[in-house]
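# A closer look at the structure
Given next are the chains, with one letter for each unit.
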Amino acid sequence: MTEYDHLKIEAKWQKKWEEEGLFATKENSTNKKCYVLDMFPYPSGEGLHVGHPKGYIATDVYSRMKAMQGYYILHPMGFDAFGLPAENYAIKNKVHPKTAVEKNIARYKEQLSILGFNYDWDREVDTTDPEYYKWTQWIFLQMLKKGLAYQSDEPINWCPSCKTGLANEDVEDGKCERCGTPVEKKAMRQWVLKITDYADRLISDLEGLNWPKSIIESQKNWIGRSEGATIKFPIKTGYNFVILHGFTATPEDDFYKWLKESLEDFGHKVQIPVLPDTNEPTEDGQVSVVMDNVTFDENTVIVGHILGSVVALKVIEKLDKKIAGLVTAGGFVSPNFKDKDRNFKDKFDWNFDFEKIKSNVGFIKILQDINDSAVSVEQAEELANGLGTDIDYVEATGSHFTGSEESTILDAILYNIPVFTTRADTIFSAAFVVLSPEHPLLSDKRFLSMISNREEISNYINEASKKTEIERTDEGKKKTGIEVKGLRATNPADGGELPIWVSDFVLAHYGTGAIFADAHDERDFDMAKLYNIPIKVSIRPDDGKLWEKVEKLEECFSGEGVLVNSGEFDGLKSEEARLKIVEWLKTKGLADKTLNYKLRDWVFSRQRYWGEPIPVIYCRKCWEDTNFKKQEPLRKNIDFVVIDGKEYMIVPVPENDLPVKLPNVESYEPTGTGESPLANISDWVNVPCPECGGEGKRETNTMPQWAGSSWYYLAYIMKGISNNLEFPISKYKEKIDKWQPVDLYVGGAEHATRHLIYARFWHKFLYDLGIVSTNEPFDRLQHVGLIMAEDGRKMSKRYGNVINPDDIVKRFGADTMRVYEMFMGPFDQAIAWNTDSMVGSRRFLERVWKFAGKVTANDKEAINEVDTMMNITIKKVGEDIESMKFNTAISQLMSCLNLLEKQESISQSYFETFLMLLNPFAPHITEELWHQIGHSKSITESFWPSYDPDKLLLDEVKIAVQINGKIRATFTASPSIEKQEMEEKAMSMPEVLRWIEGKKVVKTFHVPGKLVSIVVQ
RNA sequence: GGGUCAGUGGCGGAACCGGUAUACGCGCAACACUUAAAAUGUUGUCCGCACUUCGCGGAUGAGGGUUCGAUUCCCUCCUGACCCACCA
């Protein structure tokens, strides 16, 4: 027998396997498929350490077993090479990212190849390959077409060190996930993907997935769906209202009655004059009735409903004093209706003294129904232009504001502060309203004059905007805030007057950016105590002692209980009260059930070089082209965008012009200005517009790192058809359907809320396009537990504790390393590396090697004990690999070998079985021994052994005897021994008699083939 | 603060659905082989008492409960890891 020379054996078989193309994907068969996928790596400059391959070993073991079980396997590997780490590495080492990535990939492949993986390298993908990213760009374009990709100017997270914007998901604890620098807020034009449209499905489809509970929970938590209500808190004003009704209407119509009552509910005076000749109105007739019958003062607000708006304008024109405001709903200043002519066309003078009107009113609000069937956008624009203000586009319940309740009008009149809450049951204890510093109310022209401490407020807002996320949240429990003096809100439940505060603990981007605060929320409670804002309670906890404290406001109770001080809702439980209160407020037009998500749209642009160019061209000529302008309404940031104050049409790059290649440039360092380095490459930026041929400019932002990995699992499948991924997508449909979904996906838990959400989002989008037929991409997901360094810390170059797989493979062999990593402990658990304990795995393989010498060719009679062991081992190893309990599979193989070694000699068939079971873990040594005992085909082409369920038990088993729960004796018997016989046998044993003598046997139990339990008294 | 998971020898860990806790491996000890060491093999190795043997008692983070029987199920608490975190 020769020495076990791992270097020789491993090199030899790796070469043979490759030459024979043993691991090429075979798919022209009716056999069941199994798609086993690793999260593909990011090829960093440091190469792999021993921790990285752990997951790859697992998928290799799993897929090797599956292949032997007759499945057709897809087990590919590729590289995710765009993004910050590659780029930062390149900048630091002064190599072009492209060169660096090529080098790193080569190094990774070399390191992977010595471990003997069964990857089908023909299907390798590289996200930085233009053939690959043209599809990344293509998917983006499809999103653009569906309105799921849009631009936004909202402030986003900005990393001053990486000099790029970041997605919400890239921020950890207020710091940049890459470099740890605290992120800042920066407003800039950026691309955003509307992942929030998929929020609900991203939660509900988690249901059927075979995923670790922890990931499912973190995804739910990240998406953060919460059901609640939006409740409107009207701002208190001293206004009195004059409502002017429209053509063919009377104040007795439901709509006017409803509007009047709603306003009166909040203590406003309302006048609705009856306008004469409602069916054949004239200007003089209607205006003079108003002038004669209505009183106006500086607090008067006129509400004009459709034709009433025209009357309102004429009235204001005639007034000799100033009134507070004008609100028009469906107003117009020219009688050119969309649908038909109206008989008052010639009875009104369509010339207006807009200057006079403007000087006579404090504020003007123009409402236009987006579905208006009579008044066109041009008419509304004419009105707005005349009055020098903007249009508020709203959706009316009846086209043209003809519903019997039009809550948008009420909103415009009352200036409600909408507030999101999940605890509507606490509304009667609402003590104050808190706005986020970014709340639009604080910069609304209409209110500035009413706020008495304007300067203080704007200082506060200013400071809040300068703070980083960390500073805003890190100050911990201590709240800061400032009262908005001069403005008060009304509690919609009881009409009570509430102060309004601004505080930066209220987040602008969640809910409505405003809350109502009360005694039943820790944060609100703290803030009220800090600033001495009076609060009261409205929920009584069940616990009486607690209630005593809560009632005295000594302690905050934020749980659920029974309502008190809540008018007609007293005595109800929180849960029921919530529903009823929202329903009740809804009838007053002041509340609506709403859903909110913590998930925010995916900020998709990066101001960096090393990423996929966003395939969009901006064209000024297209914008100027009136044909474009006529199409209404053009959606800002979806159809057109404003750059440096000028509008441009957003023109997608045509599919056939893809890929938009990343230009190869000398200087790719980030600019830090918010512009990508691509912006300086004028040859690349300036291109003809594909739509009109005019002067176009390319988008210069690139896509984030997570783009390419959001669909790579499909690219492997597509590679099976054509190495160059060609259009159209329909070419690939059949194969995609065949291999989808991924049956087993293995990777690190750190991707829980990024890659795994993004990929699910893209997959669902592709599902909606009909490109994939499953609604989820990854059926089963397993975590790899980290391998820590021997010192217990993370393995990192920084700590100098990295262990290199090349060294380990050289010293111990790939098979030993594979066995060791699988044997270390539970697969999904983090465990520290320990080179010393590797000898156990090495010894095991050496024993296998030596044991081959004991094998005899002739099949002797089966030895019962060995036979049972083999059957148990086949069963356990198969089941354990299936459920990824590799450590116990190996311990079973070790136990099995221990028993085999005790035998004088062993027949070849036993040994062959053993080799096949060990093969997924240690493919090289088993292949070598397989050939040594006379086989000429690869062991991987043999069939996974099966076991005989009748041979899992020994002829004789040890049976334990328990007396009052304690083991007092054991005896051996056949496993099929009956209860009766078991008991008799037990009772006759002297060790047992000692304990039961003189006592009464009360009860007996038995577990077949295992134990008898006797209870005595 | 919320969520998820875990806590078993000197160490990594095993134990199915409640049925002989400590499998398997590392380490350690003794012995064999050797001039010697390494390697290898054999045996032993949870703790305490007793010890010639049979044996007795205790132990799965702590305390309690359910049960003939609990590492496993329930309650309270302690500790640790990971993820999320002013989300109204």
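The following paragraphs examine the structure supplied in this document. None of these values were measured; they are calculated from a predicted model.

## Remarks on the sheet that holds strand β10 (residues 226–234)
Spatial strand order, β17-β10-β24: three strands in an open sheet with antiparallel pairing. Where the open sheet ends on each side, the last strands, each with one partner, are β17 (416–421) and β24 (591–596). Across the sheet, the mean angle from the axis of one strand to that of its neighbour is 30 degrees, orientation sign disregarded. As paired strands, β10 and β17 are joined by six bridges and run antiparallel to one another. In the strand pairing of β17, I231 is matched with V419. Against the sheet, helix α19 (residues 574–587) makes contact with β10 and β24, and its axis sits at roughly 125 degrees relative to β24, the strand it touches most.

## Here's the deal with the pairing of strand β40 (residues 1011–1016)
With respect to burial, β40 is a largely interior element, five of its six residues being buried. Both strand β39 (residues 1001–1007) and β40 contribute to a ladder of six bridges, which runs antiparallel. Along β40, the bridge assignment pairs F1005 with S1013. Hairpin connection between β39 and β40: a loop of three residues separates the two successive antiparallel strands, and G1009 in this loop has a positive phi of roughly 70 degrees.

## Observations regarding helix α26 (residues 805–812)
Listed as buried for α26 are P805, D806, I808, V809 and F812. Seen along its axis, α26 keeps its buried residues to an arc of 165 degrees; they face one direction. Those residues of α26 that are exposed and aimed more than 90 degrees away from the buried face are K810 and R811. Of the residues flanking the start of α26, the one acting as N-cap is N804, its side-chain oxygen 2.8 Å from the backbone nitrogen of D806. At the C-terminal side of α26, G813 shows a positive phi close to 105 degrees.

## A short note on the pattern of salt bridges
Scanning the model with the defined rule gives 48 salt bridges in all. A salt bridge links K232 to D411; the nearest nitrogen and oxygen atoms lie 3.1 Å apart. Of this pair, K232 sits in strand β10 while D411 sits in helix α13 (residues 407–414), placing them 179 residues apart in sequence. For D791, the salt bridge identified is with R793, shortest N-O distance 3.3 Å. Here the salt bridges share partners, and the residues they tie into one network are D170, E177, R606 and R754.

## Observations concerning the environment of I831
Here I831 is to be found in strand β34 (residues 831–832). By relative accessible area, I831 is classed as buried at 17%. In the structure, I831 is positioned 440 residues away from I391 in sequence and 63 Å away in space, judged by C-alpha atoms. Discounting chain neighbours no more than four positions away, the residues touching I831 are L786, I787, M788, M824, G825 and P826.

## Quick look at empty space enclosed by the protein
As enumerated under the stated definition, the model contains four cavities of 30 Å³ or more in all. Space inside the largest cavity adds up to approximately 150 Å³. Lining the largest cavity are 17 residues, and of these G83, L84, R606, P704 and Q705 sit closest to its centre. Estimates place the volume of the second largest cavity at around 50 Å³. In this structure, the second largest cavity is lined by W135, W138, I139, W711, L714, M718, I729, L766 and I771. Taken together, the elements giving at least two residues each to the lining of the second largest cavity come down to α5 (130–145) and α23 (712–718). A per-element tally of the lining of the second largest cavity places α5 first, with three residues. Within the lining of the second largest cavity, the residues separate by chemical class into nine nonpolar, no polar and no charged.

## Re the protein's contact with RNA strand B
Residues in contact with RNA strand B amount to 54 residues; listed here are only the nearest, T422, R472, Y510, R523 and Q829. Backbone sugar and phosphate groups make up 63% of those atoms of RNA strand B lying within 4 Å of the protein. In the environment of RNA strand B, a phosphate oxygen lies 3.1 Å from a nitrogen or oxygen atom belonging to the side chain of S226. The residue inventory of the surface near RNA strand B, partitioned by class, reads 20 nonpolar, 20 polar and 14 charged.

## Details of the side chain of E699
As for its position among the elements, E699 is in the loop between β30 (695–698) and α23. At a separation of 3.0 Å, a polar atom in the side chain of E699 contacts the side chain of R189. Within the structure, E699 has its side chain in polar contact with the side chain of Y618 (distance 2.3 Å). Residues in contact with E699, not counting those within four places in the same chain, are Q151, R189, W191, I614, V616, Y618 and W684.

## Topic: the environment of P923
Mapped onto the elements of the fold, P923 is located in helix α32 (residues 923–932). For the pair formed by P923 and G116, sequence separation is 807 residues and the distance between their alpha carbons is 7.5 Å. Excluding residues that lie within four positions of it along the chain, P923 makes contacts with W17, R64, G116, D815 and R818.

## A look at the packing of helix α8 (residues 254–265) against α13
It is at 11 Å that the axes of α8 and α13 come closest, and there the two elements cross at 35 degrees. Of the two possible hands of crossing, α8 and α13 adopt the one that is right-handed. Across from F255, W258, L259, S262 and L263 in α8, the residues of α13 making contact are S407, I409, L410, I413 and L414. Split into classes, the residues belonging to the contact of α8 with α13 amount to eight nonpolar, two polar and no charged.

## Regarding the pairing of β10
Most of β10 sits out of view: eight of its nine residues are buried. Where β10 and β24 come together, six bridges link them in antiparallel fashion. Across the sheet, residue A229 finds its bridge partner in β24, namely K593.

## Some words on the packing of aromatic side chains
The description of an aromatic ring pair rests on the distance of the ring centres and on the angle between the ring planes. Tallying each qualifying case throughout the model produces 56 aromatic pairs. Relative to F117, the ring of Y56 has its centre 6.4 Å away and its plane inclined at 90 degrees; by these criteria the two rings are edge-to-face. With a gap of 61 residues between them, Y56 in helix α2 (residues 53–68) and F117 in the loop between α4 (97–113) and α5 connect regions that are remote in the sequence. For F117, a relative accessible area of 8% corresponds to the buried category. Judged by centre distance (6.1 Å) and plane angle (80 degrees), the ring pair of F420 and Y510 falls under edge-to-face. Pair noted here: F420 is in strand β17 and Y510 is in the loop between β20 (497–502) and β21 (514–517), with a separation of 90 residues, a long-range link. A relative accessible area of 10% places F420 in the buried class. Joined through ring pairs, the aromatic side chains of F140, W191, Y198, W602, F604, W706, Y758, F761 and W762 make up one cluster. In this arrangement the basic side chain of K314 is found over the ring face of F352, its NZ or CZ atom lying 4.2 Å from the centre.

Reading guide: rules and limits
- Residues numbered from 1 in each chain as written.
- Chains lettered and ligands numbered in written order.
- Predicted model: local features only at pLDDT ≥ 70, side-chain atom pairs only at ≥ 80, totals over all residues.
- Heavy atoms only, no water.
- Pairing = 2+ DSSP bridges.
- Helix = DSSP H or I, 4+ residues; strand = E, 2+ residues; numbered from the N terminus.
- Axes fitted to C-alpha atoms, helices over the stretch in contact; angles between N-to-C directions.
- Contact = heavy atoms within 4.5 Å.
- Buried < 20%, exposed > 50% of the residue type's maximum accessible area, 1.4 Å probe, protein only.
- Arc of directions from axis to C-beta.
- Polar contact = N/O pair within 3.5 Å; in protein donor to acceptor, adjacent residues only side chain to side chain.
- Salt bridge = Lys/Arg side-chain N within 4 Å of Asp/Glu carboxyl O.
- 1 Å grid on protein atoms, 1.4 Å probe; cavity = no way out; pocket = protein on both sides within 12 Å on 5 of 7 lines; lining within 4 Å.
- Points joined across faces, edges and corners; volume = space filled by probe spheres on them.
- Nonpolar A, V, L, I, M, F, W, Y, C, P; charged D, E, K, R; others polar.
- Near = heavy atom within 4 Å.
- Left-handed = near helix turned anticlockwise from the far one by under 90°.
- Phe/Tyr/Trp six-rings, centres within 6.5 Å; stacked < 30°, edge-to-face > 60°.
- Lys NZ or Arg CZ within 6 Å of the ring centre and 35° of its normal.

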